Amino acid sequence: MSRLSVSLPGLNMKNPILPASGCFGFGKEYAKWYDLSLLGGITIKAATLEGRFGNPTPRVAETESGMLNAIGLQNPGVKGIIENELPALEPYNIPILANIAGSTEEEYIEVTKQISASPLVSAVELNISCPNVKEGGIQFGTHYRSAADLTRKVKSVSEKPVYVKLSPNVSNITEMAEAVEDAGADGLSMINTLVGMKLDWRTGSPILANKTGGLSGPAIKPVAIRMIYEVSQKVSLPIIGMGGVSSAEDVMEMMSAGASAVAVGTANFVNPYVCPEIIEKLPELLDEIGVEQISEMTGRSLRQWKTPLSSR
Amino acid sequence: MKKHLLSITSNTEIARNIFEMKLTGPGTATMTVPGQFLHVSVGKHTSKLLRRPLSICDVDLEKEEVTLLYRAQGEGTKQLSQKQTGEFVDVLGPLGNGFSVESIDEGKSALLIGGGIGVPPLYYLGKKLREKGMKVTFILGYQSLEDSFYIEKFQEIGETIVTTVDGTLGIKGFVTDAMDQLISEEPVIYSVGPAVMLKAVEQKAAGLNGFISLEERMGCGIGACFACVCPTETRQSGYVKICSDGPVFKMGEVVL
Ligand SMILES: Cc1cc2nc3c(=O)[nH]c(=O)nc-3n(C[C@H](O)[C@H](O)[C@H](O)COP(=O)(O)OP(=O)(O)OC[C@H]3O[C@@H](n4cnc5c(N)ncnc54)[C@H](O)[C@@H]3O)c2cc1C
Ligand SMILES: Cc1cc2nc3c(=O)[nH]c(=O)nc-3n(C[C@H](O)[C@H](O)[C@H](O)COP(=O)(O)O)c2cc1C
Ligand code: FES
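The sections below set out a description of the structure shown in this document. Predicted model, so just to flag it, every value in this text is computed and none were measured.

### Overview of the overall build of chain B
If you tally the helices and strands in chain B, you get 4 helices and 16 strands. Relative to its length of 256 residues, chain B is compact, with a C-alpha radius of gyration of 17 Å against a globular reference of 18 Å. When the backbone C-alpha atoms are referred to their principal axes, chain B occupies close to 50 × 45 × 35 Å. Scored against the burial criterion, the 256 residues of chain B give a buried share of 60%.

See below:
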């Protein structure tokens with residue numbers, strides 16, 4: 001076993017790094033920059049039942065140490081993804097985490113059925129946290145009962161392990177995590193973006209055509225760290241951590257907080273090579289603190305310092 | 001497609017808030033197609049996160065030098081304008097599909113129409129079309145005399161007509177006001193500028209063969225994030241990505 005390998009339900013990864021959903025398309029663009037088989041896995045862009053065109057432009061805005069996006073779940077629909085996008089990823093022989101979204105329970109269930117049946121998909125990531133479409137699942141992601149219900153239903157039809165992607169736009173994320181754990185989730189992904197807004201001060205008009213968007217990038221990393229730290233103490237599910245990670249040091253910090261694997265989103269836009277560069281650097285950081293296996297990093301903070309967060 | 005560290009050989013203000021930046025490095029060898037762009041990192045990655053798309057304005061392959069012209073307007077381009085000779089700039093590129101120079105009949109004349117900060121890529125394009133032996137005419141539109149740049153350099157390539165909104169230089173008005181007498185020869189149209197201008201150019205040049213280059217706010221710049229889409233009726237998907245399918249499209253191909 002290599003020292004970087006990690007094992008999560010459905011995801012046997014040679015290292016803990018995978019690109020985050022929506023920040024890597026379906027992989028083929030970045031395949032022009034480097035060999036994708038270097039990655040621990042890939043999260044593909046959200047799939048909905050029918051193709052969606054998404055929101056009007058502008059869809060992105062820069063903010064201090066971060067960015068807002070309101071793409072609006074643009075994708076060619078689950079059939080198109082299975083037929084035209086997934087096969088291109090087969091040669092890389094790495095686990096594929098398929099992000100799924102929908103407006104209704106029925107849509108989530110149908111998309112899950114179809115995509116989880118693909119032999120190329122290793123696990124599904126239930127996106128109940130997209131803040132950018134009126135009916136994008138956030139209504140499931142902010143009420144713990146509906147989140148649990150949906151998780152149970154999706155789980156009952158999925159042929160692969162189910163990770164539930166949590167929204168940070170809630171007052172108590174631990175409650176959400178516990179609810180989906182009870183409902184049978186195999187793992188958690190956290191965090192999705194925080195709802196934000198940017199205005200042109202001269203005209204007063206919002207920069208994004210959608211007015212609001214999801215904040216990502218280094219600015220949200222402290223929020224992600226805190227939430228992962230808090231949730232990992234209350235649930236026993238493995239966590240795919242994400243939110244502002246852009247360096248190997250960030251990965252070590254996030255695993256320390258409780259993540260078992262780490263997804264990299266916005267940082268891919270800043271540096272297309274960020275994922276392989278992080279992977280290459282991790283062994284050096286492990287050496288520096290005398291840790292042999294990277295999987296030992298998961299939850300290290302609490303083990304070392306015994307400082308539980310008071311539950312709110 | 002590569003990431004390059006290029007070193008600044010000059011970075012000077014050539015008109016009000018307009019900077020000419022020359023960069024050198026081996027990476028420039030691949031920058032041979034006009035209309036492509038570089039995705040330029042402007043500052044410390046952690047505060048100004050996103051790269052700025054800037055068109056390739058000129059390339060000197062022998063000197064391994066690429067020229068960018070940019071307007072220092074927002075925070076990022078202002079930071080860029082403060083960089084000194086000898087500093088390095090991190091760029092991705094060349095990105096996107098540029099103007100196809102090969103596919104055009106040599107006998108044709110070309111009318112290149114640029115508005116404001118859409119002017120820069122027309123310089124490299126004009127040079128390439130001239131090398132092919134085409135007759136090249138430019139219409140360059142600026143706000144005002146103070147905002148105008150590169151006019152003498154364009155004149156070296158071909159006839160250059162200037163319009164300014166306030167009439168302080170050339171014809172008072174918009175680029176479309178100078179098009180009428182020139183389109184009777186049925187030139188191939190190449191146009192870069194704000195969407196409203198491109199729309200007006202397309203209307204004036206209806207029926208002619210031509211190309212336009214679009215702008216949109218970008219994330220990745222390489223086709224992965226779906227930030228920069230533009231609707232189209234000519235493709236089954238219903239959209240194009242400006243960064244990777246464009247920024248150059250055939251006139252009429254996208255819905256402006
Ligand atoms: C293909 C392409 C080629 C371009 N070529 C040139 C060129 O040669 N010279 C030039 O001066 N400008 C060019 N632009 C426009 C240039 O990218 C923007 O003016 C620049 O990004 C603004 O950055 P800022 O730091 O000044 O503004 P800020 O307001 O600080 O920018 C914030 C964010 O918004 C984006 N943004 C703001 N305005 C625009 C805009 N008009 N278009 C695209 N993104 C924007 C920025 O890239 C950044 O991500 C081009 C744009 C595109 C898409
Ligand atoms: C442009 C963009 C598109 C995204 N699309 C999706 C998506 O389709 N599904 C999803 O679950 N998350 C999506 N996200 C959220 C990311 O997967 C990730 O959770 C978030 O950006 C935080 O990580 P980061 O700070 O590393 O980007 C998107 C984020 C960005 C920036
Ligand atoms: S900027 Fe990401 S797809 Fe064009």
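Having put the structure on the table, let's press on.
### Focus on the site of ligand 1
The immediate surroundings of ligand 1 are formed by 23 residues, with Pro-53, Leu-69, Gly-74, Thr-77 and Ile-117 of chain B found nearest. Ligand 1 sits at a junction of chains, with neighbouring residues supplied by chains A and B. Compared with its free state, where it exposes 840 Å², ligand 1 has 88% of that area covered by protein. Elements with a contribution of two residues or more to the shell around ligand 1: strand E4 (52-55), strand E6 (65-71) and helix H1 (75-81) of chain B. Of all the elements, E4 of chain B adds the most residues to the shell around ligand 1, at 4 residues. A breakdown of the residues in the shell around ligand 1 according to their chemical character gives 10 nonpolar, 5 polar and 8 charged.

### Points about the interface of chain A and chain B
With 30 residues of chain A in contact, the opposing surface of chain B contributes 29 residues. Surface buried jointly by chain A and chain B totals about 2600 Å² across both partners, of which 65% is contributed by carbon and sulfur atoms. Put simply, chain A and chain B have 3 salt bridges between them. Ionic pairing is found between Lys-241 of chain B and Glu-29 of chain A, a salt bridge with its closest N-O pair at 3.5 Å. The interface formed by chain A and chain B holds 10 residue pairs in polar contact (both at pLDDT 80 or more) in total. The biggest single contributor to the side of chain A that touches chain B is strand E5 (residues 60-63) of chain A, with 3 residues.

Conventions and cut-offs
Residues numbered from 1 in each chain as written. Chains lettered and ligands numbered in written order. Predicted model: local features only at pLDDT ≥ 70, side-chain atom pairs only at ≥ 80, totals over all residues. Heavy atoms only, no water. Helix = DSSP H or I, 4+ residues; strand = E, 2+ residues; numbered from the N terminus. Rg over C-alpha atoms; globule rule 2.2 N^0.38 Å. Buried < 20%, exposed > 50% of the residue type's maximum accessible area, 1.4 Å probe, protein only. Near = heavy atom within 4 Å. Areas by Shrake-Rupley, 256 points an atom, 1.4 Å probe, with all protein chains shown as cover. Nonpolar A, V, L, I, M, F, W, Y, C, P; charged D, E, K, R; others polar. Contact = heavy atoms within 4.5 Å. Buried area = accessible area lost by both parts, 1.4 Å probe. Salt bridge = Lys/Arg side-chain N within 4 Å of Asp/Glu carboxyl O. Polar contact = N/O pair within 3.5 Å; in protein donor to acceptor, adjacent residues only side chain to side chain.

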